[in-house]
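# Observations on the three-dimensional arrangement
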Amino acid sequence: AKKAGGDRWVLHEDGLLSPEEERARKVGELREALANGQLLLHYQPKFEVASKRLAGLEALVRWNHPQRGELAPGEFIPLAEETGLIAEIGEWVLGRAVAQLREWEDWGYEPVPVSVNLSPIELQREGLAGRIEGLLAKLGLPARLLELEVTESSMMRDIDPVLSNLTELRRLGVGIAIDDFGTGYSSLGQLARFPVDTIKIDKSFIQSSREDEPAPIVESIVNLAHGMKLKVVAEGVEDERQLRLLSRLHCELAQGFLFSRPLPAREIEERYWKKSAA
Ligand code: C2E
Ligand code: CA
Ligand code: CA
Ligand code: CA
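Just so it is clear, the model here is predicted, and its values are computed rather than measured.

## Topic: the pattern of salt bridges
- Per the stated rule, a full pass over the model turns up 19 salt bridges.
- Residues Glu103 and Arg266 are paired through a salt bridge, measuring 3.3 Å at the closest nitrogen-oxygen approach. Placement of Glu103 in helix α3 (residues 86-106) and of Arg266 in helix α12 (residues 265-276) is noted, with a sequence separation of 163 residues between them.
- Residue classification places Glu103 among the partly exposed residues on the basis of a relative accessible area of 24%.
- Across the salt bridge formed by Arg171 and Glu168, the nearest N and O atoms sit 2.7 Å from each other. Taken together, the residues Arg171 and Glu168, both in helix α7 (residues 159-172) and 3 residues apart, mark about one turn of the helix.

## Quick look at the pairing of strand β8 (residues 175-181)
- β8 sits mainly inside the fold: 6 of its 7 residues count as buried.
- One ladder, built from 5 bridges, connects strand β7 (residues 146-151) with β8; its direction is parallel. Across the sheet, residue Thr151 finds its bridge partner in β8, namely Asp179.
- Pairing analysis gives 3 bridges linking β8 to strand β9 (residues 198-201), with the strands arranged parallel. Residue pairing in the sheet places Ile178 in a bridge with Ile199 of β9.

## With respect to the coordination of the calcium ion (ligand 3)
- The calcium ion (ligand 3) binds to the protein through Asp179 (OD), Asp180 (OD), Glu235 (OE) and Glu235 (OE); the donor distances cover 2.0 to 2.7 Å.
- The sequence pattern describing where the donors of the calcium ion (ligand 3) fall on their chain is D-D-x54-E.
- Metal-to-metal, the separation of the calcium ion (ligand 3) and the calcium ion (ligand 2) is 3.8 Å; Asp179 coordinates the two.

## With respect to the coordination of the calcium ion (ligand 4)
- Distances from the calcium ion (ligand 4) to its protein donors, namely Asp180 (OD) and Asp180 (OD), fall within the range 2.8 to 3.0 Å.
- Positionally, Asp180 belongs in strand β8.

## Section: the packing of helix α5 (residues 128-139) against α7
- Interhelical geometry of α5 versus α7 gives an angle of 25 degrees and a closest axis separation of 8 Å. The angle between α5 and α7 falls in the class roughly parallel. Touching Leu128, Ala129, Ile132 and Glu133 of α5 are Asn165, Glu168, Leu169 and Leu172, all from α7.
- A class-by-class count of the residues in the contact of α5 with α7 yields 5 nonpolar, 1 polar and 2 charged.

## Section: empty space enclosed by the protein
- Within the structure shown, the criterion is met by 2 cavities of 30 Å³ or more.
- Estimates place the volume of the largest cavity at around 60 Å³.
- For the largest cavity, the full set of lining residues is Ile206, Ser209, Pro214, Ala215, Val218, Gln242, Leu245, Leu246 and Leu249.
- A total of 3 residues in the lining of the largest cavity trace back to one element, the largest contributor, which is helix α11 (residues 240-248).
- Here the residues of the lining of the largest cavity are counted per class, giving 7 nonpolar, 2 polar and no charged.

## A closer look at the site of ligand 1
- Neighbouring residues of ligand 1: 22 residues in total, closest Gln44, Arg62, Lys203, Glu238 and Phe257.
- Asn117 has a polar side-chain atom sitting 3.0 Å from an oxygen atom of ligand 1.
- A distance of 2.8 Å is found between an oxygen atom of ligand 1 and a backbone nitrogen or oxygen belonging to Phe257.
- Surface burial for ligand 1 is 81%, taken as the share of its 800 Å² of free accessible area covered by protein chains.
- Its atoms largely coinciding with the cavity grid, ligand 1 occupies the largest pocket.

## Quick look at the layout of surface pockets
- For the largest pocket, the calculated volume is near 910 Å³.
- In terms of lining residues, the largest pocket is bounded by 37 residues, among which Glu58, Leu60, Pro73, Asn117 and Asp179 are the most central.
- Where the lining of the largest pocket is concerned, the elements lending two or more residues are β4 (54-65), α2 (77-83), α3, β6 (114-117), α4 (120-124), β7 and β8.
- With 5 residues, the single largest contributor to the lining of the largest pocket is β4.

Rules of the game
- Residues numbered from 1 in each chain as written.
- Chains lettered and ligands numbered in written order.
- Predicted model: local features only at pLDDT ≥ 70, side-chain atom pairs only at ≥ 80, totals over all residues.
- Heavy atoms only, no water.
- Salt bridge = Lys/Arg side-chain N within 4 Å of Asp/Glu carboxyl O.
- Helix = DSSP H or I, 4+ residues; strand = E, 2+ residues; numbered from the N terminus.
- Buried < 20%, exposed > 50% of the residue type's maximum accessible area, 1.4 Å probe, protein only.
- Pairing = 2+ DSSP bridges.
- Donors = N, O, S within 2.8 Å, 3.2 Å for Na, K, Ca; no water.
- Axes fitted to C-alpha atoms, helices over the stretch in contact; angles between N-to-C directions.
- Parallel < 35°, antiparallel > 145°, perpendicular 65-115°, else oblique.
- Contact = heavy atoms within 4.5 Å.
- Nonpolar A, V, L, I, M, F, W, Y, C, P; charged D, E, K, R; others polar.
- 1 Å grid on protein atoms, 1.4 Å probe; cavity = no way out; pocket = protein on both sides within 12 Å on 5 of 7 lines; lining within 4 Å.
- Points joined across faces, edges and corners; volume = space filled by probe spheres on them.
- Near = heavy atom within 4 Å.
- Polar contact = N/O pair within 3.5 Å; in protein donor to acceptor, adjacent residues only side chain to side chain.
- Areas by Shrake-Rupley, 256 points an atom, 1.4 Å probe, with all protein chains shown as cover.
- Sits in = over half its atoms within 2 Å of the grid points.

Structure follows, in structure tokens:
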């Protein structure tokens, strides 16, 4: 059934739901997921292009839905952002990621930095930097083990709280990366104003080079970043050819299915820690 000119009605076990009802139901489910421990993090490794050494892990949230199985963030983060629930989800993600770092350190592994994705709403909230400082202090973790990935669009919103959070976080020693670089509309002038140390090139650009030449946009971004003394991470690297082109451009780090999919913490331990901790 369809509402004239509007969104689709959804057939649910409780009956036919209007788009509003369906949305309210989903929000309720997501709240429950948070409360009942249905969210989890997977970690995708990042590697140094030159040495192939493990250089970091990106935390990516998943929802282990009781009926629908494991859901990707694309299926619930947008709704969480629209309803403000992202603030709580973000707190949970940060807390979980640093707790994981603590666990790894306690077990005697030498963890690499973990990156956490922040939505624009979180970055705008006053006191974010202070909360992160408190979290790290409580667990006795050095700030360099945490990196935050923020999108260009979050820098164009309400600029003052964003700038003060980022400045404070950089001062603490937390890494700041601009995610999906090139897909937003930020100007170079804005980029120069923000205290960041890494640029992540969006996977759409990495995957757009079809020849044995880097895509001009990738080359431009790498050169721009290096000119500003920023490190570059290429995301979505799926084959050796893409990696070769990045190596030619002296792109520092790469991440993608060529190396590894995002993995549960236990698998990260099996693959990367157990080998090094002998
Ligand atoms: P992102 O931060 O740009 O993350 C990269 C996405 O690309 C991830 O999807 C990852 O699984 C996928 N990916 C990695 N390597 C490859 C590859 O070689 N090829 C292809 N085709 N894809 C690759 P995922 O996990 O579904 O996450 C999607 C987006 O959801 C993320 O994009 C990020 O914007 C958001 N997200 C994930 N976790 C969080 C979180 O904890 N908080 C917030 N606010 N957003 C999150
Ligand atoms: Ca990211
Ligand atoms: Ca990205
Ligand atoms: Ca993305």
